[in-house]
Amino acid sequence: MENSAVLSVDHLQTCFFTKKGKVMAVDDVSFDLLKGEILCIVGESGSGKTVTALSILRLIDHPGRITGGKIMFGKKNLLELTIRELQDIRGNRISMIFQDPHSSLNPVFTTGDQISEAITAHRSVSRKEADARAIELLELVGIPIPEERFHEYPHQFSGGMKQRATIAMALACAPDILIADEPTTALDLTIQAQMLDLFSELRKKFNMSIIYITHDLGVVSEIADHVAVMYAGRIMEKGCRDDILKNPKHPYTKGLIDCLPSEKGKPASIPGTIPNLINPPEGCIFHPRCRFAMEICRLRRPMPSKTNNEHYVSCFLYGDI
Amino acid sequence: MVFWVRSYIAKRLLHTALISWGVMTTAFILMRIGPNSPADKYLAGLGAGHNVTQVVAAIESRYGVDKPLYDQYFSYITSLLQGDWGWSFGTSMPVMELIKTHWIYSFQLILLSTIFAVVLGIALGIFAAVRKNTAADHAVAFFSFAGISIPNFWLGIMLILIFSVKLGWFKTYYDTSLPMFSLENLHALVLPVFTLGTGMVAGYSRYVRSAMLDNLGKDFVRTARAKGLPESIVIRKHVFRNAMLPVITIIMLDMGSIVFGGAYITEVIFGIPGLGWMSLKAVFADDYAVVLAVTLIGAIITLLFNLLADIAYMYLDPRIRYE
Amino acid sequence: MKLAAYYWERIKRQRPAMFGLGFIIFLIILATLGTYFTKSPTKVNFDEKNLPPPGYTVEHSMYSAQNESFITTLQEGTWEHPLGTDSMGRDMLAQLVSGARVSLLVGLLATGIAIIIGAVIGVTSAYFGGAMDDILMRTTDVMMTFPFLLLLILIMYLFGASLTLIILAIGLTGWTGTARLVRSETLSLRTREFIMASKALGAGDLRIIFRHLLPNTLSSIIVLATLSIPGAILAEAVLSFIGLGDPTVASWGNILNAGQGSLETAWWVAVEPGVMLFLTVLSFNFLGDGLREAFDPKGE
């Protein structure tokens, strides 16, 4: 049975208008998020993953702006909603958690208050009911003695506990979609594993779809259903997990996988760095670092082509030119 | 309160005591290296017709000028600590009594000006911050710059010239025989409050704007928006509350210089019988003990506000309160 | 020199700072050359008292003993006194020029003294640390506790007023901000490699302080100095205004003091020195702000 997409991002383009020029942080990005799945967006830092995620909820700050595309959530295009309509969706139908739990909680309010606030913003419940629900949520994300923790301030929580609290906050209204932007990067390795289990468990419990943003292919292999590989603001390759990890097509994805530490020895890295996005290279944006670059790669931009079911790759090595 | 907080306050109190001692000592040294002895000053203040030798002897024994320096210093400190701040020859009463009758007028002026400045300064600061880089923001910035640069004693004179001399809207006579908060006196305080308040508004609006902008860029603001909170709540609750922490501290730290800077001059211009007015009168009447007492009080008030700012910060910031 | 040109480029872009610089240059020219072109600021002439600036007329009522009644005369300003005269017939323009000289003298000299003392105390405190740091910083705390104006008034009261004393008093009490700033900047510099390297090479304390530490805090010092000048100018003006200034020179504060008494008869006497004072303070604030922006490495 073909699953239906709960969210489809279509030709999204987000630019930052800096003093030095226009930076195309996200350029022509399209993907579908299916009901109940975990989609991983993977790439090096600076590849535009976070900007893509922020664009979905239109949380891009000045000087950035979404300059094109559509983001369909059900029948609504999120980019065309008024700010009030969007506020009804944020934290209610689509939630987001951020990379650094230390700075994403307000230090002067209790953690509990910040969770209750997410409930009262969308549900007409009394303060007391919201607090009770918040305590349940804290318990659900694995915080011991939630009744006490509820009244504590963020600085009294450890890093892992803070991130659990932000997850509780994101789940406050049982959203359809959870966007997690590198939620474990700022945490210890041991806590990372627990967090990944938590995400898998919550996905089932809430029957929600998750967009999980990471630079870590190890994480991808553990939780992803589908994967989109981003580089310099563009999607290089997307498909289901096994296709991407076991049978990567794009030279960039291959490079990323080769970089993983293995028994053979030291991890390698892809030579070169992410290009300057104010004056990006012509043609395929990866060609300056690509071992297989051909003449055409310098001239034309590759369009995604289908290699087999659901596996798309944007590279001239594959498909018709 | 945890032990850590208590020991912190104890440490601050000790520091305050140490500085107070330094302040008193500095005043003592200034007094002693001045070209005129207290007796000379008193004589100048008394004018003719007194038995000079008797007065000199009385004053010298009161101040112990005949005793060795360390003795003088010791008795100076002990009498200050006992609340004996000297005798005002100009008004023939203890300096403490004089201060007790005058401080309330300074307090009233400063209270009203502070309320005016805090309300308007915060409003303008928020307004400018949420409209960053628009024409409105530039207008506020321009006003702030002008407000900080305009000498407040000149502003006072200009207000008198325009609103009192030319237009006749406000009288500027503070009548101590009427109740302090009588309509007449409040009316007479409009221009003084504006004179003292303008610079404060300008300063506060700048602090508030920059504190708001600092916090608008914080991650937790993005979290609040991602929760779907309306922008008004994001600003009022999440940004404002955090921005107020440094602002309250700065307002308190500024208090000492406002009480004995701006307010001093404002009282002099408008004839409000507060501490500043009293002190300047004492300067011209050569009323030595009063001048010294007001200087010491200025320092003590500054110290108290510094201490208060610390405690307020500790109370308002949960990161320090619960540690 | 290249660096100076680079900063000049960055300051040039800021209009308020350029306005400030322009006015300050104008003021310096006025103060140095103005006296050659104006009348004597102290020449009293009761026949020409309370003359308004040209273009304005004022009524003067005078009691005439002969007629035993008030005679009202209309007085018109003349170009002889382009900014009018005060109640003693002294030329306002000449007084303002003299006031500019006083204000600049006080602003620059007092700030200079304060900056030198502050820099020496700050750098010594940070460089030697320990007990030296404790003593100097507690002294700074004590100085900071006195409200600036009260301390000045006390000093004027005790020692009597003269321009020299005013400059010294402002300089000797106004160094605390610089001391703290220089101390904190030096503390962060002290452990940097190039300081460690010169120490390892056997450079003496004085050499390190003067060759390395102070030059590296120079940009902050320049900004602070520029922003302190208006404070010093205002302090002198306030003292003169309340009658504790040097009575022998015409300073803006003195003129304002006189002007306050004649608001009803000669408004311009109170308006003109205030405008000068305001523009001067504004200019230094603009320039100081511009310099801070220009020196800010984040401001690229």
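Residues numbered from 1 in each chain as written. Chains lettered and ligands numbered in written order. Predicted model: local features only at pLDDT ≥ 70, side-chain atom pairs only at ≥ 80, totals over all residues.

Engineer: How should I be thinking about the interface of chain B and chain C in this particular structure?
Structural biologist: Interface size is commonly expressed as the accessible surface area that is lost when the partners come together. Contact residues are listed per partner, giving 37 residues for chain B and 33 residues for chain C. Of all the secondary-structure elements, those providing two or more residues to the side of chain B that touches chain C are α1 (3-33), α6 (135-149), α7 (152-166), α10 (231-270), α11 (275-284) and α12 (288-316) of chain B. Considering only residue class, the side of chain B that touches chain C consists of 27 nonpolar, 10 polar and no charged. (Contact = placed C-beta atoms within 7 Å. Helix = DSSP H or I, 4+ residues; strand = E, 2+ residues; numbered from the N terminus. Nonpolar A, V, L, I, M, F, W, Y, C, P; charged D, E, K, R; others polar.)

Engineer: Just to check I follow, could you spell out the packing of helix α3 (residues 92-128) of chain C against helix α4 (residues 130-145) of chain C for this structure?
Structural biologist: Helices that pack against each other are described as a pair by the angle of their axes relative to one another and the distance between those axes. All names here are of chain C. Contact geometry for α3 and α4: axes closest at 7 Å, N-to-C directions at 145 degrees. The hand of the α3/α4 crossing is left-handed. Here I121, T124, S125, A126 and F128 of α3 lie close against α4, whose contacting residues are G130, M132, D133, L136 and M137. (Axes fitted to C-alpha atoms, helices over the stretch in contact; angles between N-to-C directions. Left-handed = near helix turned anticlockwise from the far one by under 90°.)

Engineer: Help me understand the nonpolar core, please; the structure alone is not making it clear to me.
Structural biologist: Nonpolar side chains in soluble globular proteins tend to end up buried together. Formed by 242 residues in total, the largest nonpolar core has its most connected members in A:I211, A:V229, C:L152 and C:V238. Setting aside residues up to four positions removed in sequence, A:V229 forms contacts with A:V42, A:G43, A:I235, A:M236, A:E237, A:K238, A:I244, A:H250, A:Y252 and A:T253. (Core = buried A, V, L, I, M, F, W, Y, C linked by C-beta atoms within 7 Å. Buried ≥ 20, exposed ≤ 12 C-beta atoms within 10 Å, placed from the backbone.)

Engineer: What should I look at first to understand the packing of α12(B) against helix α5 (residues 148-159) of chain C in this one?
Structural biologist: Relative orientation of the contacting elements α12(B) and α5(C) amounts to 160 degrees, with a least axis distance of 9 Å. Comparing the axis directions of α12(B) and α5(C) gives the class roughly antiparallel. When the axes of α12(B) and α5(C) are compared, the crossing they make is left-handed. In contact with B:V291, B:V294, B:T295 and B:G298 of α12(B), α5(C) contributes C:L150, C:L151, C:L154 and C:Y157. Class assignment of the residues belonging to the contact of α12(B) with α5(C) gives a composition of six nonpolar, two polar and no charged. (Parallel < 35°, antiparallel > 145°, perpendicular 65-115°, else oblique.)

Engineer: Sorry, what's going on with the interface of chain B and chain A here?
Structural biologist: With 18 residues of chain B in contact, the opposing surface of chain A contributes 25 residues. Broken down by secondary-structure element, the contributors of at least two residues to the side of chain B that touches chain A are α9 (219-226), α10 and α13 (318-321) of chain B. Ranked by the residues each element gives to the side of chain B that touches chain A, the list is headed by α9(B), at six residues. Across the side of chain B that touches chain A, the residue classes break down as six nonpolar, four polar and eight charged.

Engineer: Help me out: how do you make sense of helix α4 (residues 69-81) of chain B in this one?
Structural biologist: One turn of the α-helix equals 3.6 residues, which is why residues spaced by three or four share an orientation. Counted at 1.5 Å a residue, the expected span for α4(B) with its 13 residues is 18 Å, and the 19 Å between its end C-alpha atoms agrees. B:G83, located one to two residues past α4(B), shows a positive phi value of around 85 degrees. (Expected span 1.5 Å × (residues − 1).)

Engineer: I'm lost on the pairing of strand β4 (residues 64-73) of chain A in this one. Help?
Structural biologist: Along any regular strand the residues' side chains alternate between the sheet's two faces. Residue and element names in this part refer to chain A. Two elements, strand β1 (residues 5-18) and β4, share eight bridges in a ladder whose sense is antiparallel. Opposite T14, over in β4, you have I66 as the bridge partner. Taken together, β4 and the strand that follows it, strand β5 (residues 76-77), pair antiparallel across an intervening segment of two residues, in which G74 is found at a positive phi of about 60 degrees. (Pairing = 2+ DSSP bridges.)

Engineer: Would you take a moment to explain the domain arrangement of chain A for this structure?
Structural biologist: Residues and elements named next belong to chain A. Domain assignment breaks chain A into domain 1 (5-93 + 178-269) and domain 2 (101-174). When each unit is reduced to the centre of its C-alpha atoms, the spacing between domain 1 and domain 2 is 25 Å. Element by element, the count of residues in the side of domain 1 that touches domain 2 is highest for helix α8 (residues 189-206), at five residues. Looking at side-chain class alone, the side of domain 1 that touches domain 2 contains nine nonpolar, two polar and no charged residues. (Domains from an automatic or database assignment.)

Engineer: Would you mind going over the environment of A:L277 with me for this structure?
Structural biologist: All names here are of chain A. Within the element layout of this structure, L277 appears in the loop between α11 (251-258) and α12 (295-299). Sequence separation between L277 and V23 is 254 residues; the distance between their C-alpha atoms is 5.4 Å. Discounting chain neighbours no more than four positions away, the residues touching L277 are V23, M24, A25, A232 and G233.

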